[in-house]
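# Commentary on secondary and tertiary structure
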Amino acid sequence: MTNFTRRGALGLMGGAATLPMLGTPALANTKMTVGALRFTSHAASFVAFERGYFSEEGLDVDFRFFQAAQPMAVAIASGDADFGVTSITGGLISLAEKGAAKVIGGALSEEQGIDGQMILASNASYDAGLTAPDKLDGKSFAVTQAGSSFHYMGAKIAQAENAEMSFKPLQKVGAIIGAMKSGQVDAWTIVPHIGKALVGGGAVKHIGMVADYLPNYQVTTVFTSAENAENERAKTEAFLRAFSKGAADFNAALVDKTTDEAGMEDMVKLIHKYVYADDPYEKASKSIINGAMRINANAALNMGSVTDQVDWFKSEGLIKDSISTETLVDSSYVEMI
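Residues numbered from 1 in each chain as written. Predicted model: local features only at pLDDT ≥ 70, side-chain atom pairs only at ≥ 80, totals over all residues. Heavy atoms only, no water.

### Considerations on the overall build of the protein
- The helix and strand tally for the protein stands at 14 helices and 11 strands.
- The C-alpha radius of gyration computed for the protein amounts to 19 Å, which stays within 12% of the reference 20 Å derived for 337 residues, consistent with globular compactness.
- Each of the 337 residues in the protein was classed as buried or not, and the buried ones make up 58%.
- Surface summary for the protein: the accessible area is close to 13,300 Å², and the carbon and sulfur share equals 50%.
- The distance from the centre of the 28 positive side-chain charges to the centre of the 38 negative ones in the protein is 5 Å. (Helix = DSSP H or I, 4+ residues; strand = E, 2+ residues; numbered from the N terminus. Rg over C-alpha atoms; globule rule 2.2 N^0.38 Å. Buried < 20%, exposed > 50% of the residue type's maximum accessible area, 1.4 Å probe, protein only. Areas by Shrake-Rupley, 256 points an atom, 1.4 Å probe, with all protein chains shown as cover. Lys, Arg positive; Asp, Glu negative; His and termini not counted. Charge placed at Lys NZ, Arg CZ, Asp CG, Glu CD.)

Structure representation (structure tokens):
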């Protein structure tokens, strides 16, 4: 994990969020750690940081980077980070049940008409006949951990195709990529900025889309500690306002494409500081552009999708039957859709 800090107001105001306005002087130079993965799907936080939206809210932000969702949830629950964007996992739900974490908004979403998460097959498995999701029966499927979003997606796809699959936990995305390339695992799902690059490089084969099985899937959520949600409302609302401005800029440039070409290039260069930063811009830019998915306006949360996810975790015995969506979500911050 690495840290990166910046202070001072930068840039111009972005798209306006509808969250309530609070006076910011009391928040001046309020230090805050934001958990993130080096994914395009976390771009709203990067944009809010680089364009000064956090600074305008009086927030002095430090990023802490992770390689999987569950460790980030643990860090926020323990107070090692303040806010983050992550998928709903069994670990996150269990932390919420213990009174340690709360989902306060929505982030990345599957949307019809926008290229989303891809279903991939290893080259060896594709050559052996795994050419479509309806051929997943008897195959292995890569996940980071049991109870991860990968586990949820794979199980829902298997259920729809009446397939029996084994789930192979490999802890980190990098380890999964290696296992897919070497044929140690048959299939996987991943966001397009990673999936398209792997397919384009000949490392794996594309066999389907997650949106065909989960068309309105709330892929990631904005979350914080229960302490912040309950007792630090001004700080939490300030974070959501800045995050929402970052999301609006991102959507305009790379999803709706309502900015000009220069605006798109500026956005890609900004994201490249965090995503594929070790690759040359010419190479990284293609994956960043191709991997852009909708980040919900004003951090609105799709409660239908959240409910489906919580119900699946219950059905698998991964969380207690007594847990409800209210256990996980504080619905007082953003619109529930």
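So, next bit.
### Describing the confidence of the model for the protein
- Here the protein shows a mean pLDDT of 90. Residues at 70 or above account for 92%.
- Note that residues 1–18 has pLDDT below 50 and, in this model, 51 contacts with residues that lie over four places away or in other chains.
- Throughout residues 20–25 the model reports pLDDT below 50, and contacts reaching past four residues in sequence, or to other chains, amount to 9 contacts. (pLDDT = per-residue confidence, 0-100. Contact = heavy atoms within 4.5 Å.)

### What to know about the environment of Gln-309
- By secondary structure assignment, the location of Gln-309 is in helix α13 (residues 303–315).
- A C-alpha to C-alpha distance of 9.1 Å links Gln-309 and Tyr-217, two positions 92 residues apart in sequence.
- Here Gln-309 is in contact with Ile-88, Tyr-152, Tyr-217 and Gln-218, once residues within four sequence places are set aside.

### Considering the pattern of salt bridges
- Under the definition given, this model contains 13 salt bridges.
- We note a salt bridge from Arg-241 to Glu-57, for which the minimum N-O separation is 2.8 Å. Of this pair, Arg-241 sits in helix α10 (residues 233–255) while Glu-57 sits in the loop between α2 (53–56) and β3 (59–65); the two residues are 184 residues apart in sequence, bridging distant segments of the chain.
- Glu-57 gets classed as buried once you look at its relative accessible area, which sits at 3%.
- Across the salt bridge formed by Glu-265 and Lys-269, the nearest N and O atoms sit 3.3 Å from each other. Taken together, the residues Glu-265 and Lys-269, both in helix α11 (residues 261–272) and 4 residues apart, mark about one turn of the helix.
- Looking at Glu-265, the relative accessible area reads 36%, which means it is partly exposed.
- Taken together, the salt bridges that share partners define one network made up of Glu-111, Asp-256 and Arg-294. (Salt bridge = Lys/Arg side-chain N within 4 Å of Asp/Glu carboxyl O.)

### A few points about the pairing of strand β8 (residues 166–169)
- Direction of pairing for strand β7 (residues 140–143) relative to β8: parallel, over a ladder of 4 bridges. Bridge assignment links Val-143 to a residue of β8, and that residue is Pro-169. (Pairing = 2+ DSSP bridges.)

### Examining unusual backbone geometry
- Positive phi, close to 75 degrees, is recorded for Gln-171, a residue that is not glycine.
- Tracing the backbone through its elements, the reader meets Gln-171 in the loop between β8 and α7 (173–182).
- Here Gln-171 falls in the partly exposed class, since its relative accessible area comes to 41%.
- Despite not being glycine, Tyr-276 shows a phi value in the positive range, around 55 degrees.
- Within the secondary structure, Tyr-276 sits in the loop between α11 and α12 (281–290).

### Points about the packing of aromatic side chains
- Across all of its chains, the model carries 15 aromatic pairs by this definition.
- Considering the side-chain rings of Phe-63 and Tyr-274, the 5.9 Å spacing of their centres and the 75 degrees angle between planes classify their relative orientation as edge-to-face. Here the residue Phe-63 occupies a position in strand β3, and Tyr-274 occupies one in the loop between α11 and α12, the gap between them amounting to 211 residues.
- Relative accessible area serves as the criterion here: at 0%, Phe-63 is assigned to the buried category.
- An aromatic cluster is defined as three or more aromatic residues linked by ring pairs; in this entry it consists of Phe-46, Phe-49, Phe-63, Phe-65 and Tyr-274.
- Positioned above the aromatic ring of Phe-65 is the side chain of Arg-38, whose terminal nitrogen or guanidinium carbon lies 3.8 Å from the ring centre.
- The aromatic ring of Tyr-333 is capped on one face by Arg-233, whose charged end is 4.0 Å from the ring centroid. (Phe/Tyr/Trp six-rings, centres within 6.5 Å; stacked < 30°, edge-to-face > 60°. Lys NZ or Arg CZ within 6 Å of the ring centre and 35° of its normal.)

### A closer look at the packing of α10 against α11
- At a minimum axis separation of 9 Å, α10 and α11 run at an interaxial angle of 120 degrees. Comparing their axes, α11 and α10 come out oblique. Remark: the crossing between α10 and α11 carries left-handed chirality. Across from Asp-249, Phe-250, Ala-253 and Leu-254 in α10, the residues of α11 making contact are Gly-263, Met-264, Met-267, Val-268 and Ile-271. (Axes fitted to C-alpha atoms, helices over the stretch in contact; angles between N-to-C directions. Parallel < 35°, antiparallel > 145°, perpendicular 65-115°, else oblique. Left-handed = near helix turned anticlockwise from the far one by under 90°.)

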